[in-house]
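# Tertiary structure, described
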Amino acid sequence: VILAVAFSFSCKKEISPDLEVTVVRNDNSPVRGAWVRTSVPDAVSGILRADVLDAAQTDGFGKAYFSYKNTILIDIALLRQPNDTVLIDSATALLEVKRKAQRSDNTTERKLVFR
């Protein structure tokens, strides 16, 4: 019994979290070239984590991808331009490191609407 328990734990490892953001129009069609920016709550108060502050432009499928090393709570903002201050849409996501089988992924998905 101990051998079986040890074997089941050895097949799993910690998988760092990824974020997949899909940007769509009201009719659910993908938006290419939209800007998605990530940050942490309270970033305007001076609490910054350089590893979380990032921006990406959506691809032809309306998707932008981000990867993180550790568990983190992040804010996601949809913008027209990379340095824009006017939000089109936003969301928050808790991304957690998880123990999974080696071939599993750990991707959290969010959808934002380009209005």
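Placed above this text is the structure.
What counts as what
- Residues numbered from 1 in each chain as written.
- Predicted model: local features only at pLDDT ≥ 70, side-chain atom pairs only at ≥ 80, totals over all residues.
- Heavy atoms only, no water.
- Pairing = 2+ DSSP bridges.
- Helix = DSSP H or I, 4+ residues; strand = E, 2+ residues; numbered from the N terminus.
- Axes fitted to C-alpha atoms, helices over the stretch in contact; angles between N-to-C directions.
- Salt bridge = Lys/Arg side-chain N within 4 Å of Asp/Glu carboxyl O.
- Buried < 20%, exposed > 50% of the residue type's maximum accessible area, 1.4 Å probe, protein only.
- Polar contact = N/O pair within 3.5 Å; in protein donor to acceptor, adjacent residues only side chain to side chain.
- Contact = heavy atoms within 4.5 Å.

## Some words on the sheet that holds strand 9 (residues 107-113)
- What the three strands build is an open sheet, ordered 5-2-9; its pairing is mixed. Because the sheet does not close on itself, it has two edges, and the strands there are strand 5 (63-67) and strand 9. Taken over all neighbouring pairs, the strand axes of this sheet differ in orientation by 20° on average, direction set aside.

## What about the sheet that holds strand 7 (residues 89-95)?
- Taken in spatial order, the four strands line up as 4-3-6-7 in an open sheet, and their pairing is antiparallel. The outermost strands of the open sheet, each flanked by one partner alone, are strand 4 (54-57) and strand 7. This sheet shows a mean twist of 20° between the axes of neighbouring strands, independent of strand direction.
- Of the pairings in the sheet, the one linking strand 6 (residues 72-79) to strand 7 comprises seven bridges and is antiparallel in character. Looking at strand 7, one finds that Ile76 is bridged to Ala91.

## Description of the pattern of salt bridges
- All told, the structure shown has two salt bridges when counted by the stated rule.
- Glu20 is paired through a salt bridge with Lys63; the nearest N and O atoms lie 2.9 Å apart. In this pair, Glu20 is assigned in strand 2 (residues 18-24) and Lys63 in strand 5, connecting sequence segments 43 residues apart.
- Where Asp89 meets Arg115, a salt bridge forms, and the shortest distance between an N and an O atom there is 3.6 Å. Placement of Asp89 in strand 7 and of Arg115 in the segment after strand 9 is noted, with a sequence separation of 26 residues between them.
- The class for Asp89 is buried, based on a relative accessible area of 16%.

## Some points on unusual backbone geometry
- Residues other than glycine seldom take positive phi values, yet Asn28 does so here, at roughly 75°.
- Structurally, Asn28 can be placed in the loop between strand 2 and strand 3 (35-39).

## A look at the side chain of Asp89
- Side-chain polar atoms of Asp89 contact the backbone nitrogen of Val113, separated by 2.8 Å.
- The residues touching Asp89, leaving out its near neighbours within four places in the chain, are Ile76, Ala77, Leu78, Leu112, Val113 and Arg115.

## Regarding the environment of Asp84
- The topology assignment puts Asp84 in the loop between strand 6 and strand 7.
- Along the backbone, Asp84 and Arg37 are 47 residues apart, and their C-alpha atoms lie at a distance of 10.0 Å.
- If sequence neighbours within four positions are ignored, Asp84 has contacts with Arg37 and Leu79.
- In this structure the side chain of Asp84 is engaged in a polar contact, spanning 3.3 Å, whose partner is the backbone nitrogen of Val86.

## Observations concerning the environment of Asn70
- Within the secondary structure, Asn70 is located in the loop between strand 5 and strand 6.
- If sequence neighbours within four positions are ignored, Asn70 has contacts with Pro17, Leu95 and Val97.

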